[in-house]
Amino acid sequence: MTDATSSSTVVSFLRVGKRRLEIFNKACIKFGLTVVDHTNQNAFILIDDELDFISASKALKSSSVLSSSSSSPPIFIRTQWLSDSIKQNQLLSHESYILHATPSRSESSLTETVIPIKKTEISTEQLSFKRERSVSSSASDTDDETRSKKHHIDIQPIQPGELPRTTGIWLCSEASSSTSAVGNPNEKIIEKLREMSKLYLITNDKGRSIAYQKAIEALKRCTHPIRSYEEIKALPYVKQSLADKIWEIIRTNGLVKLSAFQSRDDVSALALFAGVWGAGTETTKQWFAQGFRTLEDLRTRARLTRTQQIGLKYYQDFNTRIPREEVTRIETIVKQTADEVAPGLMIETCGSYRRLKPSCGDIDMLMTFKDGKRHIHESILAPLIEKLREIGFLIHDLINHSETSSTSHVSEQLTYFGVCRLSEPGSLHRRIDLIFVPANEWACSLLYFTGSDMFNRSMRRLARRLNMSLSQHGLYHGVVRKGVEKINTGQALNTPTEESVFRYLNLSYRPPEDRDH
Ligand SMILES: Nc1ccn([C@H]2C[C@H](O)[C@@H](COP(=O)(O)OP(=O)(O)OP(=O)(O)O)O2)c(=O)n1
Ligand SMILES: [Mn+2]
């Protein structure tokens, strides 16, 4: 038998997904293997790991032109051979990867005796298949598994009601409870990527920060520990440099770039300053450039806006998570006060609270009058804020757009950001947002302020793909874009409820707790 590890070896691929094919082709160049097509009878046929001998033979016959004059039977080798070679960085012997025919069995029993792939070695196609399938909420898990065994690389035709499938992940179509970093077999990798994402955000590199977040979401969907470079490359959204970093984490348990990041003076100062409410990345960079390194430096030497002064004063409090029960009590106070000064005002606490998180970073309260009347802001937010101050609940104002004159107001949305505190001794100062929206924007605002921001981003991207546009103000269809620029803003759709927005986007409804991506 020809030795597949010799440099003159020719190979061809059969039923191997496009993404893996790219990776394998590169590996072949590296290992000195020549890739040819199926008609070359000297070639080892590298097949998808899920195929049995008979299916592989059939596929070979139908896909190529295996001429009847074929003198010798084809030799099928599982692509795992290349995967393992990539992993070990050297071309391994192919012997143990050869697929042998077992002619004593019937064809149907053969399919059942395909060498079982361990759960931890589930093929990447299966993963993407699972992902694509999960778009349809009607399919049960078991149905999913049976199908994925049979159809390893088949992509289902687009059904009405399903999502465009050209990109990897639609977070908004998946319940966040189905994907979690905690207990995930790739948790350690995720932790490091999360830290990188945070640090990139702090250093004002939003693009990279988002790229890392997307990689995290892709990893959260893996039910097996990632072990090979090829598996990393097959993850949606993971580009070369990020794949290299993940590979480094797997190989070394560390990440040089992260350690370098963490030991940089500017990064630790920027991270510290980022905790000052009211300070953006431009400001924190300036503070560093001015030689400030500590909060004390800021307090004594920096020129701070009034908002930043408050942010600095309550640095510890604002950076302490608020237990859910405390948010509930705060909500009760605001609702009771609103009942007195603005009866009929509908109030919903959004953000992480509505997503049922056990603790929250701040309190985001959305309000509207559903009576359809046009309300002027002075009659709504201002008296409520006034009363909340009077009872000693609101301690400071940070941003108050409800004070702006009504004539200068383009949007009817009014926002108030402030600082509140419960009266019990020892209570911390908390950040509270009160946002008043017109009734027709209620559902889209509710959706937006409930988040998470990753969920929102995914939904907006989906809307764009469907030539729609989604914002906190509304959902538009028939939008025409040239690049990112809107040439035609389209028409507003009637969105009385969050459910209606999901329906327009062909998504099954997700309750808030399932949007916690
Ligand atoms: N860049 C942003 C900021 C916010 N939001 C939306 C989604 C958020 O869920 C919601 C509230 O913003 P918060 O920053 O308060 O985030 P959360 O309430 O989700 O988390 P936390 O517990 O940290 O407050 O507004 C968004 O889509 N994009
Ligand atoms: Mn919040």
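Residues numbered from 1 in each chain as written. Chains lettered and ligands numbered in written order. Predicted model: local features only at pLDDT ≥ 70, side-chain atom pairs only at ≥ 80, totals over all residues.

J.: Could you clarify how one ought to interpret the overall build of the protein in this entry?
T.: Looking only at helices and strands, one finds 22 helices and 17 strands in the protein. When each of the 517 residues of the protein is scored for burial, the buried share is 35%. Excluding contacts between residues fewer than 6 apart, the proportion of contacts in the protein whose partners are at least 24 apart in sequence is 64%. (Helix = DSSP H or I, 4+ residues; strand = E, 2+ residues; numbered from the N terminus. Buried ≥ 20, exposed ≤ 12 C-beta atoms within 10 Å, placed from the backbone. Contact = placed C-beta atoms within 7 Å.)

J.: What's the story with the sheet that holds strand 9 (residues 363-369) in this structure? I'm lost.
T.: By way of backbone hydrogen bonds, the strands of a sheet pair with one another, either parallel or antiparallel. Pairing in this open sheet of five strands is mixed, and the strands run 7-9-12-11-10 from one edge to the other. Each edge of the open sheet carries a strand with a single partner, namely strand 7 (345-349) and strand 10 (394-400). Along the sheet, successive strands turn relative to each other by an average axial angle of 25°, direction set aside. In this sheet, strand 12 (residues 430-436) lies alongside strand 9 in parallel orientation, the contact comprising five bridges. The residue bridging Met367 from the neighbouring strand is Phe436, located in strand 12. Strands strand 7, strand 9 and strand 12 of the sheet are contacted by helix 20 (residues 442-450), whose axis makes an angle of about 175° with strand 9. (Pairing = 2+ DSSP bridges. Axes fitted to C-alpha atoms, helices over the stretch in contact; angles between N-to-C directions.)

J.: Just checking my understanding: could you explain the sheet that holds strand 14 (residues 475-477) for this structure?
T.: Read from one edge of the open sheet, three strands run 13-14-17, paired in antiparallel fashion. Both edges of this open sheet fall to strand 13 (469-470) and strand 17 (491-492), since each of them pairs with a single strand only. Sheet topology places strand 13 next to strand 14; two bridges connect them, and they run antiparallel. By the bridge assignment for strand 14, Ser469 is matched with Tyr476.

J.: So what exactly am I meant to see when it comes to the UniProt feature "active site" (unreviewed entry) in the protein here?
T.: Taking the numbering used here, the UniProt-annotated feature "active site" (unreviewed entry) corresponds to Lys245. Looking at Lys245, the number of C-beta atoms within 10 Å reads 22, which means it is buried. Here Lys245 is in contact with Leu255 and Lys257, once residues within four sequence places are set aside. (UniProt positions renumbered as here; feature names shortened; annotations may be inferred.)

J.: Honestly, the site of ligand 1 in this entry has me stumped. Any pointers?
T.: Taken together, Gly351, Ser352, Cys360, Gly361, Asp362, Asp364, Tyr448, Phe449, Gly451, Ser452, Asp453 and Asn456 make up the full set of residues adjacent to ligand 1. Counting residues per element, the ones that place at least two in the shell around ligand 1 are helix 18 (351-354), helix 20 and helix 21 (453-465). Of the residues that make up the shell around ligand 1, three or more belong to each of domain 3 (322-437) and domain 4 (451-515). (Near = placed C-beta within 6 Å. Domains from an automatic or database assignment.)

J.: Mind showing me how you'd approach the packing of helix 7 (residues 187-202) against helix 8 (residues 206-220) here?
T.: Working note: a packed helix pair is described by the angle between its axes plus the distance between those axes. Packing of helix 7 against helix 8 brings their axes to within 7 Å, and their N-to-C directions diverge by 160°. Comparing the axis directions of helix 7 and helix 8 gives the class roughly antiparallel. Where helix 7 crosses over helix 8, the handedness of that crossing is left-handed. Where helix 7 abuts helix 8, its residues Ile189, Ile190, Leu193, Arg194, Met196, Ser197, Tyr200 and Leu201 lie against Lys206, Arg208, Ser209, Tyr212, Gln213, Ala215, Ile216, Leu219 and Lys220. Tallied by class, the residues present in the contact of helix 7 with helix 8 amount to 10 nonpolar, three polar and four charged. (Parallel < 35°, antiparallel > 145°, perpendicular 65-115°, else oblique. Left-handed = near helix turned anticlockwise from the far one by under 90°. Nonpolar A, V, L, I, M, F, W, Y, C, P; charged D, E, K, R; others polar.)

J.: Any chance you could explain the confidence of the model for the protein here in plain terms?
T.: Across the protein, the average pLDDT comes to 81, with 80% of residues at or above 70. In the predicted structure, residues 404-409 sits below a pLDDT of 50 and forms three contacts with residues beyond four places in sequence or in another chain. At the level of chain-chain contacts, confidence expressed as ipTM amounts to 0.99, with global pTM at 0.68. (pLDDT = per-residue confidence, 0-100.)

J.: How do you make sense of the pairing of strand 9 when you look at a structure like this?
T.: In summary, the side chains of a regular strand alternate between the two faces of the sheet. With seven of seven residues buried, strand 9 is to be regarded as a mostly interior element. Neither face of strand 9 is left uncovered, since the one carrying Ile363, Met365, Met367 and Phe369 and the one carrying Asp364, Leu366 and Thr368 both have all their residues buried.

J.: Looking at this model, I keep getting lost on the environment of Tyr97. Mind explaining?
T.: Within the secondary structure, Tyr97 is located in the loop between helix 3 (80-88) and strand 5 (98-99). Separated by 19 residues in the primary sequence, Tyr97 and Arg78 place their C-alpha atoms 5.4 Å from one another.

J.: Any chance you could explain helix 17 (residues 324-341) here in plain terms?
T.: Within an α-helix, residues lying three or four positions from one another point in the same direction, as the helix has 3.6 residues per turn. Here helix 17 contains 18 residues, and its C-alpha end-to-end distance of 26 Å stays within 8% of the 26 Å for a straight helix at 1.5 Å per residue. Restricting attention to buried positions, one finds in helix 17 the residues Val327, Ile330, Val334, Thr337 and Ala338. The arc that holds every buried residue of helix 17, seen down its axis, measures 105°, which confines them to one face. Of the exposed residues in helix 17, those oriented more than 90 degrees away from the buried face are Glu325, Thr328, Thr332, Gln336, Asp339 and Glu340. (Expected span 1.5 Å × (residues − 1). Arc of directions from axis to C-beta.)

J.: What exactly am I supposed to notice about the packing of helix 1 (residues 18-31) against helix 3 here?
T.: Where helix 1 meets helix 3, the axes come as close as 10 Å, and the angle between the chain directions of the two elements is 65°. Taken as a pair, helix 1 and helix 3 cross one another with a handedness that is left-handed. Each of Phe24, Ala27 and Phe31 in helix 1 lies in contact with helix 3, whose residues at this interface are Leu82, Ser85 and Ile86.

J.: Before we go on, may I ask you to explain the environment of Leu384 in this structure?
T.: With respect to the helices and strands, the residue Leu384 is situated in helix 19 (residues 381-390). Judged by C-beta crowding, with 24 C-beta atoms within 10 Å, Leu384 ranks as buried. With 46 residues separating them along the chain, Leu384 and Ala338 place their C-alpha atoms 6.1 Å apart.

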